[in-house]
Amino acid sequence: MSEHKYTNALIRETSPYLRQHAHNPVQWFPWSQEALRKAKEEDKPILLSIGYAACHWCHVMERESFEHEGIAALMNEFFISIKVDREERPDLDAIYMQTVQMMTGRGGWPMTVFLTPEQQPFYCGTYFPPEDRYGVPGFPRVLRSVATAYRERKTEIVRDAARIVGELQKSSRIPGMPRELASEILEEAASRLLSDYDPQNGGFGGAPKFPPGMALDFLMRCYARTGDRRPLEVVDQTLTKMARGGIYDQLGGGFHRYSVDALWLVPHFEKMLYDNALLSRAYLNAFLLTGNPLYRRIVEETLDYVLREMTSPEGGFYSTQDADSEGKEGQFYTWEQHEVENLLGGEEAELVYHYYGIVGEGSLEGRHVLHIPRQASLQARLHGISEEELWRRIEQGKSALFAAREKRVKPARDEKILTAWNGLMLKSFAEASQVLQRADYRTAAIGCAQFLLPSMEHDGNLLHSYIGGQAKIDAFLDDYACLADALLSLYESTFDPRWFQEAARLAGIMIDRFQDPDGVGFYLTNGNEELIHRPKELHDNATPSGNSTAAHALLRLARFTGDERWLRLPLRLLKTLAPLMAHHPSAFGNLLGALDLALSDGLEICIVGDPGEEATGSLLREVFRRYLPNKVVACGKNNELHLLKDHVQVSGRPTAYVCRNQTCQAPASNAADLARQLDGLNSQ
């Protein structure tokens, strides 16, 4: 006999988030033809609830409302209730999040949207409490009011819902006139972005503060392009503040989702794969620019965390870890002073207290979020020891705390493997493997690619989500774009032509299935499923948009191949969005990077030689120890790629060719000559 009193249709789903709700008394359905047909047959409005497994307030609303038998009875009587995992269905999330923002001026998760049986929205919100609270109507009152309104004013509701859909469909139109591409666009964008900088704490704006990985990458490009140190100073302070803050897991590595304050001190504790992919790349690039060992340490700790906690046996990367454990947010990550005292005792505990800020009352319900309030040199002076001695003792204390933390109840992990997010993480591992000379990172990147292709394909179609041996849901634009872009980086890590060929194949399919033939850019969906709106995401949000990532991938393919057919779509997209990018840079961080790539002279580096030979490796190391954000690199002996054709070895030795604007410098057969050429690029 089942231990559960209730079981609904979500029990047949693979998503951990949906299965979390499978034993609610609510008669949940997944988004399906069955549910949509039932709504029409019974003429009931749809209650659409969208969230994700690591969402703290999603769990709160489930405990307060969806597990409440009285509230569930109202939902079952008056509505067809559909639960959606936003990570599985980013198309539905995009459509209805835009609706919520349009109707209420804000958005977030859990998302609660009431639809007509034809999927058209007419009332919406986010989190609703179980009773009226702080001016927010309680969920039971909302349910009764919406049900009554639909019953008594259905004609009016249907008319208003149709108007809302009309507004949604207009939203794909891009306002303003296209603008010719010029460096002034980048300069305007950088100026506006810097005007929002928080000079005290780093980052942009106030609380809550999200890690701005894409904006920082754009600013690093600005420094490399102009030599103006102001963007680099902003990057340097922001990355340092974040690395020392509570948003960074000081014991286990990796970043939490965001900081609830402006100080980077108290995070929202969920960990997302995409944040750690984007931020590890930002720190990697900053390490190349500055040589700061802190940045290398953060990259390695973050990627090592992903290998330890977020990598499946098959080689793919899991999606998220919850903020909560044992029913409390941050319980796994936070400490009370006596816990440290019991572990370390006396003088060692006191050293750790001060180093990690475990003093005073604690910033989260009496518990302490580990952070580093002072620089190591000052910490050492305060304790009358050398920095070397400080580091040795802190590392011992850190190891003891980490070992003790491993015995706690861990936050739940969403083990969905999403193609787009895996592409972001694969790219980070591939690039770090070359820069840091970490063979294990290269192995992880190859393992991920070998898992995704073919496990995430069926009959030539890329799929979006995988868990428990089952891949499903047609891939979205982001999946094709992120994977194609990542495979180009994997080629530059391995120089196996297979990965370049797969990237070009996926990019071709992406153009065929997602481009807007009558407009600009790419749609999010392939158009096969009948939805009220075919969304087109142009802004970079928590993750880079599919359009901006597609632009990067296509521009890189053009540089690799010399084939201008890859240029038409990204250049048109960039010209059309140029006015918006200049005025709203925080919404276009990744696309601004693509514009920087498009405006650059290009840098094609061809190394003719066997990548496995030491002489070739010395040339490659010279290339990858520099920050050259707009380079493409080909290496091999058999003319596998366009860039390698017509280039030959000199005197039978591995030889490098550095080319800009279809003009190559003299061949370099040793690292010193290549270094002089690369160092001279910035003076040209």
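Structural notes, computed from the coordinates. None of these values were measured; they are calculated from a predicted model.

Looking at helix α19 (residues 477–494)
The α-helix advances 3.6 residues per turn, and as a result positions three or four apart in sequence lie on the same side.
Part 1 of the reasoning: An ideal rise of 1.5 Å per residue puts 26 Å on 18 residues; α19 measures up with 26 Å between its terminal C-alpha atoms.
Part 2 of the reasoning: For α19, the buried fraction is high: 18 of the 18 residues fall into the buried class.
Part 3 of the reasoning: Phi turns positive one or two residues past the end of α19, at F495, with a value near 60°.

Concerning the pattern of salt bridges
When the charged atoms of two side chains with opposite charge come close together, those side chains can pair.
Part 1 of the reasoning: This model, assessed by the stated rule, comprises 55 salt bridges.
Part 2 of the reasoning: D91 is the salt-bridge partner of R89, the closest N and O atoms lying 2.8 Å from each other. Pair check on accessibility: R89 and D91 agree, each one buried.
Part 3 of the reasoning: Its salt-bridge partner being R392, residue E389 comes within 2.8 Å of it at the nearest N-O pair. Of the two residues, E389 and R392 are both situated in helix α16 (residues 387–405); the distance of three residues between them amounts to about one turn of the helix.
Part 4 of the reasoning: Judged by relative accessible area, which is 24%, E389 ranks as partly exposed.
Part 5 of the reasoning: The class of R392 is partly exposed, set by a relative accessible area of 41%.
Part 6 of the reasoning: A network of salt bridges, in which partner residues are shared, links R281, K427, E431, D485, E492 and R556.

Description of the sheet that holds strand β7 (residues 271–272)
Strand pairing in a sheet relies on backbone hydrogen bonds. The paired strands run either parallel or antiparallel.
Part 1 of the reasoning: The three strands are arranged β7-β8-β11 in an open sheet whose pairing can be described as antiparallel. Two strands lie at the open edges of the sheet, namely β7 and β11 (413–414), each paired on one side alone.
Part 2 of the reasoning: Strand direction decides the pairing type here: strand β8 (residues 320–321) and β11, joined by two bridges, are antiparallel. Each residue of the ladder has a partner; that of Q321, found in β11, is R413.

Quick look at unusual backbone geometry
Part 1 of the reasoning: Here the residue pair W109 and P110 is connected by a cis peptide bond, since its omega of 5° sits within 30 degrees of zero.
Part 2 of the reasoning: The topology assignment puts P110 in the loop between α5 (90–104) and β3 (111–115).
Part 3 of the reasoning: Put simply, L453 and P454 share a cis peptide bond, and its omega is 25°.
Part 4 of the reasoning: Among the secondary structure elements, P454 is positioned in helix α18 (residues 439–455).
Part 5 of the reasoning: Although it is not a glycine, E326 sits at a positive phi angle of roughly 55°.
Part 6 of the reasoning: Assignment of secondary structure puts E326 in the loop between β9 (324–325) and β10 (328–329).
Part 7 of the reasoning: Phi is positive for E365, close to 50°, though the residue is something other than glycine.
Part 8 of the reasoning: Here E365 lies in the loop between α14 (346–355) and α15 (376–383).
Part 9 of the reasoning: The exposed category is assigned to E365, whose relative accessible area is 77%.

Structural notes on the environment of P517
Part 1 of the reasoning: Assignment of secondary structure puts P517 in the loop between α20 (497–514) and α21 (546–561).
Part 2 of the reasoning: Residue classification places P517 among the exposed positions, given a relative accessible area of 62%.

Quick look at the packing of aromatic side chains
Part 1 of the reasoning: Counted under the stated rule, the structure contains 27 aromatic pairs.
Part 2 of the reasoning: Their ring planes at 85° and their centres at 5.9 Å tell us that Y52 and W109 sit as a pair that is edge-to-face. Of this pair, Y52 sits in the loop between β1 (46–51) and α3 (56–66) while W109 sits in the loop between α5 and β3, and the two are 57 residues apart along the sequence.
Part 3 of the reasoning: Residue Y52 is classed as buried on the basis of its relative accessible area of 8%.
Part 4 of the reasoning: Residue W109 is classed as partly exposed on the basis of its relative accessible area of 29%.

What about the sheet that holds β3?
Part 1 of the reasoning: On the basis of which strands lie adjacent, the open sheet formed by four strands has the order β2-β1-β3-β4 and mixed pairing. Either end of the sheet is taken by a strand with one partner, and the two such strands are β2 (80–85) and β4 (121–125). Neighbouring strand axes in the sheet, compared pairwise and without regard to direction, differ in orientation by 20° on average.
Part 2 of the reasoning: Two strands pair when backbone bridges link them, and β1 and β3 are joined in this way by five bridges, in the antiparallel orientation. The partner of S49 across the bridge, within β3, is T112.

Some points on the environment of H268
Part 1 of the reasoning: For H268, the location among the structural elements is in strand β6 (residues 267–268).
Part 2 of the reasoning: The class for H268 is buried, based on a relative accessible area of 8%.
Part 3 of the reasoning: Residues H268 and R133, spaced 135 residues apart in sequence, show a C-alpha to C-alpha distance of 23 Å.
Part 4 of the reasoning: In this structure H268 touches H56, H256, R257, Y258, V260, A323 and E329, once residues within four positions along its chain are discounted.

Observations concerning the state of the cysteines
Part 1 of the reasoning: Taken as a whole and judged by the stated rule, the model has two disulfides.
Part 2 of the reasoning: Disulfide partner of C55: C58, at an S-S distance of 2.4 Å. Since a negative S-S torsion denotes a left-handed disulfide, the C55-C58 link at about 80° is right-handed.
Part 3 of the reasoning: Exposure remark for C55: the relative accessible area of 3% places this residue in the buried category.
Part 4 of the reasoning: Residue C58 is classed as buried on the basis of its relative accessible area, which comes to 2%.
Part 5 of the reasoning: Note that C659 is cross-linked by a disulfide to C664, the S-S spacing being 2.0 Å. Taking the sign of the S-S torsion, about 95° here, the bridge from C659 to C664 comes out right-handed.
Part 6 of the reasoning: Judged by relative accessible area, which is 5%, C659 ranks as buried.
Part 7 of the reasoning: For the protein, the bonded cysteines pair up as 1-2, 3-4 when numbered in the order they occur along the sequence.
Part 8 of the reasoning: Not part of a disulfide, C124 finds its nearest cysteine sulfur in C58, a span of 16 Å.

Re α18
Part 1 of the reasoning: Counted at 1.5 Å a residue, the expected span for α18 with its 17 residues is 24 Å, and the 24 Å between its end C-alpha atoms agrees.
Part 2 of the reasoning: When α18 is considered as a whole, its buried residues turn out to be Y441, A444, A445, C448, A449, F451, L452 and L453.

Concerning the pairing of β1
Part 1 of the reasoning: Burial within β1 is extensive, with six of its six residues counted as buried.
Part 2 of the reasoning: The alternating pattern of β1 places I46, L48 and I50 and L47, S49 and G51 on opposite faces, both of which are buried.
Part 3 of the reasoning: Here β1 pairs with β2 via six bridges, running parallel. Bridged to I50 within β2 is V84.

About the criteria used
Residues numbered from 1 in each chain as written. Predicted model: local features only at pLDDT ≥ 70, side-chain atom pairs only at ≥ 80, totals over all residues. Heavy atoms only, no water. Helix = DSSP H or I, 4+ residues; strand = E, 2+ residues; numbered from the N terminus. Expected span 1.5 Å × (residues − 1). Buried < 20%, exposed > 50% of the residue type's maximum accessible area, 1.4 Å probe, protein only. Salt bridge = Lys/Arg side-chain N within 4 Å of Asp/Glu carboxyl O. Pairing = 2+ DSSP bridges. Phe/Tyr/Trp six-rings, centres within 6.5 Å; stacked < 30°, edge-to-face > 60°. Axes fitted to C-alpha atoms, helices over the stretch in contact; angles between N-to-C directions. Contact = heavy atoms within 4.5 Å. Disulfide = S-S within 2.5 Å.

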